[in-house]
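Results of the structural survey
Listed here are the chains, written in short residue letters.
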Amino acid sequence: MNNKTKTVVGLGLLTALVIVLQGLAVGIRFGVFNITLVLVPIVVGAALYGYWAGAWLGFVFGVVVLMTDAGAFLAVSVPGTIITCILKGACAGLVAGYVYKCLEKKNVTLAVFVAAVLAPVVNTGLFLVGCRLFFYDTIKAWAEGAGFPSAGAFMIGGLVGINFLVELAINLVLSLTIVRIIQIGKKMAAGN
């Protein structure tokens, strides 16, 4: 099997894993939204196949979120929801892949660690930017209804707080496993 075929097969498997994990995550909630379990395969794909693969896997993640967990936002702004969901996922994978590529020659463990931290930071950060740009008036009303002192406090404490910490913890705990998967994947690609 040539490298191009191996890449297509590997990326296909990771794409399926992203779809299945995000589908399963719909039922796992900490706070208002479900946690994102797919950042791990996105980081793995970005490290194994490059930042473009990370962007693809993040795009797929965004599409699945759009179809499964974005109803409240779709009711407010369809274009804003589409932009936010797709952009946050694709950028999380793109950044993870780019950072991994920049650091891998110095230290693979460091490269995975930084990529595993940045994926949820970018994902959550762009979600918050999308909330501010497209849904702020609605979020202000939600904040008042939930008893939060401000929309910003609600966005951090009510929408992303616990979810972000769980997603970050999952990525960090699995970082060494990700390193091992990458090392095995690269050995297999090299034919050893």
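These lines cover the structure that appears in this document, whether it is placed above or below.

Conventions used here
- Residues numbered from 1 in each chain as written.
- Predicted model: local features only at pLDDT ≥ 70, side-chain atom pairs only at ≥ 80, totals over all residues.
- Heavy atoms only, no water.
- Helix = DSSP H or I, 4+ residues; strand = E, 2+ residues; numbered from the N terminus.
- Rg over C-alpha atoms; globule rule 2.2 N^0.38 Å.
- Buried < 20%, exposed > 50% of the residue type's maximum accessible area, 1.4 Å probe, protein only.
- Contact = heavy atoms within 4.5 Å.
- Phe/Tyr/Trp six-rings, centres within 6.5 Å; stacked < 30°, edge-to-face > 60°.
- Disulfide = S-S within 2.5 Å.
- Axes fitted to C-alpha atoms, helices over the stretch in contact; angles between N-to-C directions.
- Parallel < 35°, antiparallel > 145°, perpendicular 65-115°, else oblique.
- Left-handed = near helix turned anticlockwise from the far one by under 90°.
- Nonpolar A, V, L, I, M, F, W, Y, C, P; charged D, E, K, R; others polar.
- Core = buried A, V, L, I, M, F, W, Y, C linked by side-chain atoms within 4.5 Å.

Observations regarding the overall build of the chain
- Helix and strand counts for the chain stand at 9 helices and 0 strands.
- Its helices and strands in sequence order give the chain the pattern α-α-α-α-α-α-α-α-α, from N to C terminus.
- Rg of the C-alpha trace for the chain: 17 Å, near the compact-globule value of 16 Å for 192 residues, within the 12% margin.
- Principal axes of the C-alpha set define a box for the chain whose edges measure 60 × 30 × 25 Å.
- The buried share of the chain, reckoned over its 192 residues, is 44%.
- Across the chain, the fraction of contacts at a sequence separation of at least 24, relative to all contacts at a separation of at least 6, is 71%.

Considering the packing of aromatic side chains
- Scanning the entire structure with this criterion turns up 6 aromatic pairs.
- Each ring, one from Phe73 and one from Phe135, has its centre 4.7 Å from the other, and the planes form 65°; the classification is edge-to-face. Here Phe73 is found in helix H4 (residues 71-74), whereas its partner Phe135 is found in the loop between helix H6 (108-134) and helix H7 (136-146), with 62 residues between them in sequence.
- Classification of Phe135 as buried rests on a relative accessible area of 3%.
- An angle of 75° between the planes, with centres 5.2 Å apart, marks the rings of Phe148 and Phe154 as edge-to-face.

With respect to the environment of Val99
- Inspection of the secondary structure puts Val99 in helix H5 (residues 78-103).
- As for Val99 and Val114, which are separated by 15 residues in sequence, their C-alpha atoms are 7.2 Å apart.
- Residue contacts for Val99: discarding those within four places in its chain leaves Val114, Ala115 and Leu118.

Some remarks on the state of the cysteines
- Tallied over the entire structure, the rule returns 0 disulfides.
- The thiol sulfur of Cys85 is not disulfide-bonded, and the nearest other cysteine sulfur, from Cys131, lies at 9.6 Å.
- Not engaged in a disulfide, the cysteine Cys91 finds its nearest cysteine sulfur in Cys85; these two sulfurs lie 13 Å apart.

Re the packing of helix H3 (residues 51-68) against H5
- At a closest axis distance of 7 Å, the pairing of H3 and H5 adopts a crossing angle of 155°. The orientation of H3 relative to H5 falls into the category roughly antiparallel. In the crossing of H3 with H5, the sense of the turn from one axis to the other is right-handed. Residues Tyr51, Gly54, Ala55, Gly58, Phe59, Phe61, Gly62, Val63, Val65 and Leu66 of H3 pack against Thr81, Ile82, Cys85, Ile86, Lys88, Gly89, Ala90, Gly93, Leu94, Gly97 and Tyr98 of H5.
- Here the residues of the contact of H3 with H5 are counted per class, giving 13 nonpolar, 7 polar and 1 charged.

A short note on the nonpolar core
- Counting residues in each nonpolar core, the largest one holds 31 residues, and the members touching the most others are Val18, Ile42, Tyr100 and Ile178.
- Listed by contribution, the elements that provide at least two residues to this core are helix H1 (3-25), helix H2 (39-49), H3, H5, H6 and helix H9 (175-190).
- If we ignore the near neighbours within four places in the chain, the residues touching Ile178 are Val40, Val43, Val44, Val112 and Asn171.
- Listed in part, the 12 residues of the second largest apolar core include Phe73, Phe127, Ala151 and Leu159.

So, the side chain of Thr84
- For Thr84, the location among the structural elements is in helix H5.
- For Thr84, the contacting residues outside a window of four places in its chain are Leu126, Phe127, Gly130, Phe134 and Phe135.

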